[in-house]
Amino acid sequence: MKEFQWSRIKYGDRVVPQIGAKNVIIQNVNNGKVVKITKEAFDTIDAMIHAGWSVEEVLNQCETGKDKEYLLENLAYLAENEVVRDINDFSEYQEMPIRIDWDITNRCNLKCKHCCVSADFQNHDLEQEALLEVAEKIVSLNPVVIVISGGEPLVRKDFREIITTIKKKYQGKLFLMTNAVLIDGEMARFIAENFSSVSVSLDGVDEETCSTIRGKGVYAKTIAGIRQLQEAGMTQISASMVITKTTYKYKYRFIDMCREMHIEPFLRSLSLVGRAEVKMQDMIPAEQEEIECMPIPELEKNEMEKEPEKEGAKKSGKVPTFSCGAAFRQFQIDYCGNIYPCQSLMEKELLLGNVLEIEDLNDYIRNRSFVRTKGYKTLEQYFPYNFSECRGCNKQIFCWNCIEPIYREKTKREDCSMANCALDRFWE
């Protein structure tokens, strides 16, 4: 009989069980993993954790060798997926891969109607010295990815100096988000040498469709910038289009166009924040239109993969669940150094601190000192397992995959009853 690696265990920090009549689906929100075990196995392990019993104590209560094997098998399965951890292991957030999205400017050479940060031509940016201090503190976190964005990051005259300074100390991946309008041959070569990938905002399939959102003449300049990047050797390029009443019908043309250009297509939902809150109120597609135009994985890829049936069989696989990393795996830092949960939640009431006022950013983030802020306490209310209208439901993690719509709408889904019936299949 195999021995279990830990004597006593605890749940991971954001482990959410969804309890059915015969089975329990357990989500580790921090790593996105989902597991299914029998309710019998869950009840035993859950009782052990809450009572503080050791694994050995529970094994000694098992009546047969088969029962012991069954318990150990389930414990190993939960440990493998980081649902349970050694009771003395406090490294969960120390080891967690983190992504930082950093707006190095709020200025932009365009004035797109749907801009979520209301970027404009005014200069409210940090001076270079302060900006480099922010950069140094971000690097101290050792994030797996730093996404450089704005505004339009290329409007900063010291853009190359900032990136060169970061690259001297940072070994992770740098991503760039840009409108590509300012990219010439020289800039394209610099980007190709220093960035792992580039995401370009395009929002159309030709001059007419692009100009309604981004302005006249932008389409051709953006395409030219993409071509410059490709000629410089940049292969990881994506182009995005925000889904509106006027763009949803061009979804397939946009995808085909991107593939013909050998770049990755990406469709974004329209969020009514920033300038979009004023300029795009009447441009949200009808619910059915939005569902039809967004790229949705095939149903069979989302459903729980079934293993051969046997007594106490576990099931695992990909399930559409709440795996939002806001304020856990992902943080947004704006052009003033303010920290927010993510780029979709840059609201004053969700402020988590300012980088320039924090002496040790690594400690502040990794040891989660920010959870004491008013901003985090406000955010916390909207996780589905805390949200007043959802927390009592055993399907809460299937209805949402992101906290932003819960925060914006502040109510449960309109199709909640219908979704409940459809989601019953996950307990079969």
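Think of each chain on its own: its residues are numbered from 1, step by step along the sequence as written. Per-residue local features are limited, in this predicted model, to residues with pLDDT of at least 70; the limit for side-chain atom pairs, both in listing and counting, is 80 or more; totals at the level of whole chains, interfaces and linings are taken over all residues. The basis for every side-chain value is the complete set of heavy atoms in the structure, and neither hydrogens nor water enter the calculation.

### Details of the overall build of the protein chain
(1) Moving on: Secondary structure assignment for the protein chain yields 17 helices and 15 strands.
(2) Moving on: Each of the 428 residues in the protein chain was classed as buried or not, and the buried ones make up 52%.
(3) Moving on: Any two residues whose heavy atoms approach within 4.5 Å at even a single point are treated as in contact. In the protein chain, of all internal contacts separated by at least 6 residues, the share reaching a separation of at least 24 is 67%.
(4) Moving on: Methods summary: accessible areas were calculated by the Shrake-Rupley approach with a probe of 1.4 Å, and residue burial reflects only the protein chains presented. Entry remark: accessible area of the protein chain is about 21,300 Å², with carbon and sulfur atoms responsible for 47%. Helix and strand definitions here come from DSSP, where helices need a minimum of 4 consecutive H or I residues and strands a minimum of 2 consecutive E residues; each element is numbered from the N-terminal end. Each residue's exposure class comes from its accessible area (1.4 Å probe, protein chains only) as a fraction of the maximum for that residue type: buried when under 20%, exposed when over 50%, partly exposed otherwise.

### Considerations on the packing of helix α5 (residues 159-169) against helix α6 (residues 185-194)
(1) Moving on: For every element, the axis is a line fit to its C-alpha atoms; helices are fit only across the contacting stretch, and the angle between N-to-C directions ranges from 0 to 180 degrees. One can describe the packing of α5 onto α6 by two numbers: an axis separation of 11 Å at closest approach and a directional angle of 15°. If you check the angle between α5 and α6, you find them roughly parallel. Considering how the two elements wind past one another, α5 and α6 form a crossing that is left-handed. Contact residues: Phe159, Arg160, Ile163, Thr164 and Lys167 in α5; Glu186, Met187, Phe190 and Asn194 in α6. Reported orientations rely on four angle classes, namely roughly parallel under 35 degrees, roughly antiparallel over 145, roughly perpendicular from 65 to 115, and oblique for the rest. When the near helix sits turned anticlockwise from the far one by under a right angle, the crossing is termed left-handed; a clockwise turn instead gives a right-handed crossing.

### Considerations on the sheet that holds strand β7 (residues 145-149)
Remark on secondary structure: sheet strands pair via backbone hydrogen bonds, oriented parallel or antiparallel.
(1) Moving on: Paired strands, as defined in this entry, are two strands with at least two bridges between them according to DSSP. An order of β11-β10-β9-β8-β7-β6-β13-β14-β15 is seen for the nine strands of this open sheet, with the pairing classed as mixed. Every interior strand has two partners, whereas the edge strands, β11 (264-269) and β15 (353-354), have only one.
(2) Moving on: Bridge analysis of strand β9 (residues 197-201) against strand β10 (residues 237-243) gives four bridges, and the strand direction is parallel. Looking across to β10, one finds that serine 201 is bridged to serine 240.
(3) Moving on: The sheet contacts of α5 involve β6 (99-103), β7 and β8 (173-178), and relative to β8 the element is tilted by about 160°.

### Quick notes on the environment of leucine 72
(1) Moving on: Position of leucine 72 among the secondary structure elements: in helix α3 (residues 65-80).
(2) Moving on: Residues leucine 72 and glutamate 3, spaced 69 residues apart in sequence, show a C-alpha to C-alpha distance of 7.6 Å.

### Describing empty space enclosed by the protein
(1) Moving on: Here a cavity denotes a set of grid points, spaced 1 Å apart and computed over the protein atoms alone, in which a 1.4 Å probe fits but from which it cannot get out, and a pocket denotes an open set meeting protein on both sides within 12 Å along at least five of seven lines; residues with an atom within 4 Å of a point are reported as lining. Grid points are joined across faces, edges and corners, and a volume is the space filled by probe spheres set on the points. A complete count under the given rule lists one cavity of 30 Å³ or more for this structure.
(2) Moving on: Approximately 40 Å³ is the volume attributed to the largest cavity.
(3) Moving on: Lining the largest cavity are Tyr93, Met96, Ile98, Phe328, Phe331, Ile365, Arg366, Arg368 and Phe370.
(4) Moving on: The residue classification treats Ala, Val, Leu, Ile, Met, Phe, Trp, Tyr, Cys and Pro as nonpolar and Asp, Glu, Lys and Arg as charged. All others, Gly included, are polar. When its residues are assigned to classes, the lining of the largest cavity shows seven nonpolar, no polar and two charged.

### Some thoughts on the nonpolar core
Generally speaking, nonpolar side chains in soluble globular proteins are found buried as a group.
(1) Moving on: Residue types Ala, Val, Leu, Ile, Met, Phe, Trp, Tyr and Cys, when buried and joined through side-chain atoms within 4.5 Å, form a set referred to as a nonpolar core. Among the nonpolar cores identified, the biggest contains 91 residues, and Trp102, Ile148, Phe159 and Ile191 are the most heavily contacted of them.
(2) Moving on: Beyond its immediate sequence surroundings of up to four residues, tryptophan 102 is in contact with Leu131, Val134, Ala135, Ile138, Val147, Ile148, Ser149, Ile166, Gln332, Ile333 and Asp334.
(3) Moving on: Ile9, Met48, Leu59 and Leu71 belong to the second largest nonpolar core, which has 26 residues in total.

### With respect to the pairing of strand β3 (residues 23-28)
(1) Moving on: Taken across its six residues, β3 has six buried, putting it largely inside the fold.
(2) Moving on: Burial along β3 is two-sided: the residues Asn23, Ile25 and Gln27 and Val24, Ile26 and Asn28 are all buried.
(3) Moving on: Pairing between strand β2 (residues 15-19) and β3: five bridges, direction antiparallel. The residue of β3 that forms the bridge with proline 17 is isoleucine 26.
(4) Moving on: Here β2 hands over to β3 after three residues, the two strands then running antiparallel side by side.
(5) Moving on: Where β3 and strand β4 (residues 33-38) come together, six bridges link them in antiparallel fashion. Across the sheet, residue valine 24 finds its bridge partner in β4, namely isoleucine 37.
(6) Moving on: If you look at the hairpin formed by β3 and β4, you'll find four residues sitting between the two strands, and glycine 32 has a positive phi there, around 80°.

### Points about the packing of helix α1 (residues 39-51) against α3
(1) Moving on: As a packed pair, α1 and α3 sit with axes 11 Å apart at the nearest point and diverge in direction by 75°. By the angle between their directions, the pair α1 and α3 is classed as roughly perpendicular. Contact residues: Glu40, Ala41, Thr44, Ile45 and Met48 in α1; Tyr70, Leu71, Asn74, Leu75 and Leu78 in α3.
(2) Moving on: When grouped by side-chain class, the residues that make up the contact of α1 with α3 number seven nonpolar, two polar and one charged.

### Brief notes about the pattern of salt bridges
(1) Moving on: We define a salt bridge as a side-chain nitrogen of Lys or Arg found within 4 Å of a carboxyl oxygen belonging to Asp or Glu. Tallied over the full model, the rule gives 13 salt bridges.
(2) Moving on: Note that arginine 107 is salt-bridged to aspartate 125, the shortest N-O span being 3.0 Å. In this pair, arginine 107 is assigned in the loop between β6 and α4 (128-140) and aspartate 125 in the loop between β6 and α4, connecting sequence segments 18 residues apart.
(3) Moving on: Looking at aspartate 125, the relative accessible area reads 12%, which means it is buried.
(4) Moving on: The shortest N-O distance in the salt bridge between glutamate 136 and lysine 169 comes to 4.0 Å. You can see glutamate 136 sitting in helix α4 and its partner lysine 169 sitting in helix α5, a full 33 residues away along the chain.
(5) Moving on: Among the charged side chains, a network of salt bridges with common partners joins Arg107, Asp125, Arg156 and Asp158.

### Here we look at the packing of aromatic side chains
Working definition: an aromatic ring pair is given by the centre-to-centre distance plus the angle between the planes.
(1) Moving on: Stacked, edge-to-face and tilted are the three classes for Phe, Tyr and Trp ring pairs, Trp counted by its six-membered ring, which pair at centre distances within 6.5 Å; planes under 30 degrees apart are stacked, over 60 edge-to-face, the rest tilted. Within this structure, the stated rule accounts for 14 aromatic pairs.
(2) Moving on: Ring centres of phenylalanine 4 and tryptophan 6 lie 5.6 Å apart, and the angle between their planes is 85°; this geometry places the pair in the edge-to-face category. Across the pair, exposure class does not vary: phenylalanine 4 and tryptophan 6 are buried alike.
(3) Moving on: Ring geometry for phenylalanine 328 against tyrosine 376: centres 6.3 Å apart, planes inclined by 65°, an arrangement best described as edge-to-face. With phenylalanine 328 in the loop between β12 (315-316) and β13 (330-333) and tyrosine 376 in helix α14 (residues 374-380), this pair connects stretches of sequence that are 48 residues apart.
(4) Moving on: Each member of the aromatic cluster is reached from another via a ring pair, and the members are Tyr93, Phe322, Phe328, Phe331, Tyr364, Phe370, Tyr376, Phe383 and Tyr385.

### Looking at the confidence of the model for the protein chain
(1) Moving on: In this model, the protein chain carries a mean pLDDT of 86, and residues with pLDDT of at least 70 account for 82%.
(2) Moving on: For every residue, the predictor states its confidence as a pLDDT score lying anywhere from 0 to 100. Considering only residues more than four positions removed or in separate chains, one finds that residues 287-317, a stretch of pLDDT under 50, has 60 contacts.

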